Amino acid sequence: MSALAVEAIDISKRFGARWAISRLSFSLAQGRSLLLTGHNGSGKTTLLRIISTAAFPTAGTLKVLGFDSKKERDSLRPSVALVSHASFHYEDLTAAQNLLLSAKFLGVKDPASSVKELLERMGLSSRADSAVRQFSAGMRKRLAIARLLMKAPKVALLDEPFGELDPAGSLQMEQLIRDLQAQGTSVVLATHLIEQGLSLTQERLHLEGGRKVSPT
Amino acid sequence: MTPKISLLTAAWLVLKKDWQIEWRTRARLTALIFFSGATLLLFSFAMGPDVTSLRAHAHGYLWLGLLFASVLSLGESFRIESENQALTGLVLTPVEPRAIFIGKVLGNASMLFALSLVLLPITIGLYDVDLTRVPHLLLLVLFLGTLGISAPGTVYSAISANARARDVMLPLLLFPVLVPLLLAAASATKLTFQPDPQDQLGSWLKLLIAFDLIYLSVGFLVFPKIAEED
Amino acid sequence: MPASIPLLLLLALAVMVVVHVVVPKTRPILWKVSAALGLVMLGLLMYLGMFYAPPEAFMSNVGRILYVHVPYIWMAFIAFLMNVGCAFAYLMKKSWVTDALAESSAEVGVLFGAVGVAMGSIWARPTWGVWWDWDPRLISTTVMLLSYVGYLALRSFTEDPERRATWSAAVGILSGVSLPITYYSVRWWNSLHQVQSSTASVDKTMGSVLLWGLVTLLCFLFPFIVKRYEIARARQTAAMELPPLEAPRPEAA
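Keep in mind the model is a prediction, meaning the values are calculated, not measured.

Re the overall build of chain C
Scanning chain C from N- to C-terminus turns up seven helices and zero strands. Overall, chain C shows an N-to-C arrangement of helices and strands of α-α-α-α-α-α-α. Long-range pairs, those at least 24 residues apart, make up 80% of the contacts in chain C with a sequence separation of at least 6. A total accessible area of about 12300 Å² is found for chain C, and carbon and sulfur atoms account for 72% of it.

Some words on the sheet that holds strand S1 (residues 4-15) of chain A
Residue and element names in this part refer to chain A. The four strands lie next to each other as S2-S1-S4-S5, forming an open sheet whose pairing is antiparallel. This sheet does not close on itself; its edge strands, each paired only once, are strand S2 (18-29) and strand S5 (67-68). Of the pairings in the sheet, the one linking S1 to S2 comprises eight bridges and is antiparallel in character. Bridge assignment links Ala8 to a residue of S2, and that residue is Phe26.

Some remarks on the interface of chain A and chain B
Of the residues lining the interface, 33 residues belong to chain A; the matching set on chain B comes to 30 residues. Carbon and sulfur atoms make up 56% of the area that chain A and chain B hide from each other, which totals about 2900 Å². When residues of chain A are sorted by the area they lose upon contact with chain B, Tyr90(A), Asp92(A) and Phe105(A) head the list and together hold 27% of the total. Run the count over chain A and chain B and you get four salt bridges.

Some thoughts on the interface of chain A and chain C
The parts lose accessible area when they come together, and the size of an interface is often stated as this lost area. Opposite the 10 residues of chain A that make contact, chain C presents 14 residues. In terms of surface lost to chain C, no three residues of chain A exceed Arg14(A), Arg23(A) and Arg211(A), which account for 59% of the buried area on that side. For the pair chain A and chain C, the number of links is one salt bridge. Across the pair Arg14(A) and Glu162(C) runs a salt bridge whose closest N-O atoms are separated by 3.2 Å. At the junction of chain A with chain C, the criterion picks out one residue pair in polar contact (both at pLDDT 80 or more). Listed by contribution, the elements that provide at least two residues to the side of chain A that touches chain C are S1 and S2 of chain A. A class-by-class count of the residues in the side of chain A that touches chain C yields three nonpolar, four polar and three charged.

Here's the deal with the confidence of the model for chain B
Regions with low pLDDT should not have their predicted coordinates read in detail. On average, residues of chain B score 91 in pLDDT, and 98% of them reach the 70 mark or higher. Looking across chain B, the model is least confident in helix H2 (residues 26-47) of chain B, with a mean pLDDT of 90, and most confident in helix H6 (residues 135-160) of chain B, with 96.

A few points about the sheet that holds strand S7 (residues 155-159) of chain A
Two modes of strand pairing occur in sheets, parallel and antiparallel, and in both the strands are linked by backbone hydrogen bonds. Residues and elements named next belong to chain A. If you walk across this open sheet you meet the six strands as S6-S7-S8-S3-S9-S10, and the pairing is mixed. Both edges of this open sheet fall to strand S6 (80-83) and strand S10 (211-213), since each of them pairs with a single strand only. Each adjacent strand pair in this sheet contributes to an overall mean axis angle of 25°, direction not counted. Summarising the sheet, strand S3 (residues 34-37) and strand S8 (residues 186-190) pair through three bridges and their orientation is parallel. In the sheet register, Leu36 faces S8, and the bridge partner there is Ala190. The strands touched by helix H1 (residues 44-51) within the sheet are S3, S6, S7, S8 and strand S9 (203-208), with S7 carrying the most contacts at an inclination of about 155°. Of the strands in this sheet, S6 and S7 touch helix H5 (residues 137-151), which is tilted by about 175° from S6.

Remarks on empty space enclosed by the protein
Residues and elements named next belong to chain A. Counting across every chain of the model gives five cavities of 30 Å³ or more. Each pocket or cavity is described by its volume, and for the largest cavity that value is around 200 Å³. For the largest cavity, the lining is made up of 18 residues, of which Ala81, Leu82, Phe88, Arg147 and Lys151 are closest to its centre. Of the residues that constitute the lining of the largest cavity, the class distribution is 10 nonpolar, six polar and two charged.

Regarding the packing of helix H3 (residues 95-106) of chain A against helix H1 (residues 7-24) of chain B
H1(B) packs onto H3(A) with a crossing angle of 170° between their chain directions and a minimal axis gap of 10 Å. Comparing their axes, H1(B) and H3(A) come out roughly antiparallel. Of H1(B), the residues touching H3(A) (which contributes Gln97(A), Leu101(A), Lys104(A) and Phe105(A)) are Ala10(B), Leu13(B), Val14(B), Lys16(B), Lys17(B), Gln20(B) and Arg24(B).

Considering the layout of surface pockets
One way to see where empty space is left: roll a probe the size of a water molecule over the atoms. Its volume calculated, the second largest pocket comes out at about 1000 Å³. Looking at the lining of the second largest pocket, the elements with two or more residues in it are helix H3 (51-82), helix H7 (166-193) and helix H8 (201-227) of chain B together with helix H5 (136-157) and helix H6 (161-189) of chain C. With 12 residues, the single largest contributor to the lining of the second largest pocket is H7(B). Along the lines of polarity and charge, the residues of the lining of the second largest pocket split into 25 nonpolar, nine polar and two charged.

Here's the deal with the packing of helix H5 (residues 97-127) of chain B against H6(B)
Residue and element names in this part refer to chain B. The contact between H5 and H6 brings their axes to 8 Å, and the two run at 140°. By the angle between their axes, H5 is oblique relative to H6. As H5 packs across H6, the resulting crossing turns out to be right-handed. Contacts from Phe101, Lys104, Val105, Leu106, Asn108, Ala109, Leu112, Phe113, Ser116, Leu117 and Leu120 in H5 reach Leu138, Leu139, Leu142, Phe143, Thr146, Leu147, Ile149, Ser150, Ala151, Thr154 and Val155 in H6. Its residues placed into classes, the contact of H5 with H6 shows 16 nonpolar, five polar and one charged.

Regarding the side chain of Gln181(A)
All names here are of chain A. Mapping Gln181 onto the fold places it in helix H6 (residues 167-182). On the basis of relative accessible area, Gln181 is assigned to the buried category, the value being 17%. The residues touching Gln181, leaving out its near neighbours within four places in the chain, are Ser33, Val187 and Leu200.

So, how was this worked out
- Residues numbered from 1 in each chain as written.
- Chains lettered and ligands numbered in written order.
- Predicted model: local features only at pLDDT ≥ 70, side-chain atom pairs only at ≥ 80, totals over all residues.
- Heavy atoms only, no water.
- Helix = DSSP H or I, 4+ residues; strand = E, 2+ residues; numbered from the N terminus.
- Contact = heavy atoms within 4.5 Å.
- Areas by Shrake-Rupley, 256 points an atom, 1.4 Å probe, with all protein chains shown as cover.
- Pairing = 2+ DSSP bridges.
- Buried area = accessible area lost by both parts, 1.4 Å probe.
- Salt bridge = Lys/Arg side-chain N within 4 Å of Asp/Glu carboxyl O.
- Polar contact = N/O pair within 3.5 Å; in protein donor to acceptor, adjacent residues only side chain to side chain.
- Nonpolar A, V, L, I, M, F, W, Y, C, P; charged D, E, K, R; others polar.
- pLDDT = per-residue confidence, 0-100.
- Axes fitted to C-alpha atoms, helices over the stretch in contact; angles between N-to-C directions.
- 1 Å grid on protein atoms, 1.4 Å probe; cavity = no way out; pocket = protein on both sides within 12 Å on 5 of 7 lines; lining within 4 Å.
- Points joined across faces, edges and corners; volume = space filled by probe spheres on them.
- Parallel < 35°, antiparallel > 145°, perpendicular 65-115°, else oblique.
- Left-handed = near helix turned anticlockwise from the far one by under 90°.
- Buried < 20%, exposed > 50% of the residue type's maximum accessible area, 1.4 Å probe, protein only.

In structure tokens form, the structure reads like this:
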């Protein structure tokens with residue numbers, strides 16, 4: 001039996017008086033990838049945030065790479081990365097400064113050159129020294145992906161990665177996801193583009209009102 | 001697994017990042033200077049043109065000006081962290097929350113200290129105070145006082161940045177806690193502007209140091225609990 | 001009167017609250033006993049304070065308000081100490097019980113403290129000739145009340161129960177730490193007025209009447225706190241039931 005990348009055991013998450021995730025259980029083997037589908041507000045983003053340890057289940061246990069996401073968050077955090085609607089960037093720093101900051105926090109060797117390389121790879125070199133405030137949505141997404149690649153996580157969480165990207169960017173994103181998978185990274189992908197998502201993943205989880213249902 | 005970089009290195013990076021942001025958006029510091037300068041000017045309008053009484057109370061106006069400005073500056077300091085959920089991003093990177101606390105406190109304190117330095121010439125102009133008596137002690141008081149505002153202020157602005165009615169919440173929480181600091185800092189400043197016949201400056205300085213140490217350590221212990229969901 | 005009195009009162013309250021929380025059987029009885037005892041003692045306190053105790057040396061009969069004013073303020077302090085304890089306990093180990101106790105002790109403390117400060121103000125008018133004075137005790141008590149009003153405002157402005165609990169525990173600790181610092185710095189800043197009217201400075205008969213007043217109000221403080229605690233718990237439970245295992249099915253048409 002291969003190790004599990006994600007294992008959710010009866011998890012629920014409450015916001016105020018509303019249950020965003022209800023009694024959810026599923027598992028994902030390491031190296032395999034999962035497609036998350038469901039309408040807006042069905043709990044996809046919340047689930048990704050919980051797996052990333054940005055939030056924690058109100059009840060139930062979530063294990064990521066064998067670590068309890070709540071109790072062993074410090075051990076887990078270096079190995080998961082999230083790209084979501086909230087890009088985590090400082091609007092008033094430049095793209096290069098934002099990436100360099102992450103690189104230094106991560107203790108990357110030779111941060112300056114890896115920042116340069118990643119900006120190149122994501123096609124942001126020409127705008128490296130503009131403040132993120134002046135970036136379009138698509139460029140922000142590229143920068144967020146660069147940040148994820150810098151971390152080289154074992155579990156990559158992508159919330160609507162194709163949104164806001166032009167067709168060329170969308171193709172590049174597919175290639176990036178395949179590259180990540182080739183390195184053994186488990187990708188959890190939330191998207192409305194079901195066809196595209198299915199072509200990239202082996203498993204699927206469909207959420208409705210925070211519950212697991214079989215897709216119709 | 002231990003983080004790859006030390007607590008102090010991480011704190012330094014957080015601090016440097018705050019300075020970088022301040023430097024790129026100098027308009028904010030400028031606005032803050034004009035706001036507190038205007039506050040000092042308004043005090044002299046409100047109290048009338050009597051130079052003797054203005055000079056006698058200059059220490060109080062200076063600290064009230066700093067206190068009002070601190071609410072804006074602290075609020076701003078965590079607005080940039082809640083924009084794009086950057087603070088969550090730091091925690092997930094992962095950066096130790098205690099390092100974030102140290103970095104943010106020093107960032108806020110350096111900002112307010114710089115502001116207080118800019119306000120000094122304004123107090124001379126408006127209130128005709130004499131800053132040359134014990135300038136090194138005056139600088140020490142300003143440093144300890146602005147650090148003391150920042151230590152609990154960083155905790156409270158991290159909380160209120162995510163609460164409803166945040167603009168009211170921050171002063172409502174912060175001002176009661178800062179009463180001892182205001183007393184100590186204003187009294188100590190007064191004794192650097194005016195003669196100190198009973199030699200009380202030392203005791204006020206001790207109170208300031210004690211206040212700073214207490215809130216730095218309490219904040220250091222409490223901040224990790226509020227920096228992320230628990 | 002020895003300085004250990006406030007500690008003993010706090011301890012008594014803590015024991016009663018713990019018993020109330022831990023032993024369900026005592027829940028319907030204990031608070032009623034305490035409240036009934038408080039009523040009886042209050043009746044006697046009226047007599048003791050009005051007729052038995054000698055008139056206060058400087059303030060004559062006006063000074064008799066002391067027998068309720070001082071206990072009210074003390075009860076507020078005891079409630080706030082309990083709040084700090086609960087806040088600390090919550091940050092050490094998350095528990096909805098300590099969160100609910102923190103909420104109730106802060107709210108009841110603000111109530112008792114507000115009554116106490118109002119009485120102090122009534123007393124100050126004939127004594128000092130003003131409603132308000134820069135008396136260190138008055139200022140630090142008011143500052144303390146303000147900081148707990150802020151605490152309660154934060155609680156009511158935060159909807160998510162976990163966040164509310166964690167944030168308010170952090171604020172509770174910072175406010176608690178500020179209590180002694182504020183008190184000593186204000187006293188230092190303005191040492192013009194007489195030092196504390198703790199029971200050490202008054203005569204023996206007055207001391208015992210004051211002690212009677214303290215115990216009386218403690219008998220009221222306890223039911224206030226546990227009743228408010230039960231309300232807080234009921235609200236928590238209403239918000240916290242797990243969702244059902246199966247999604248509710250839409251009615252068949």
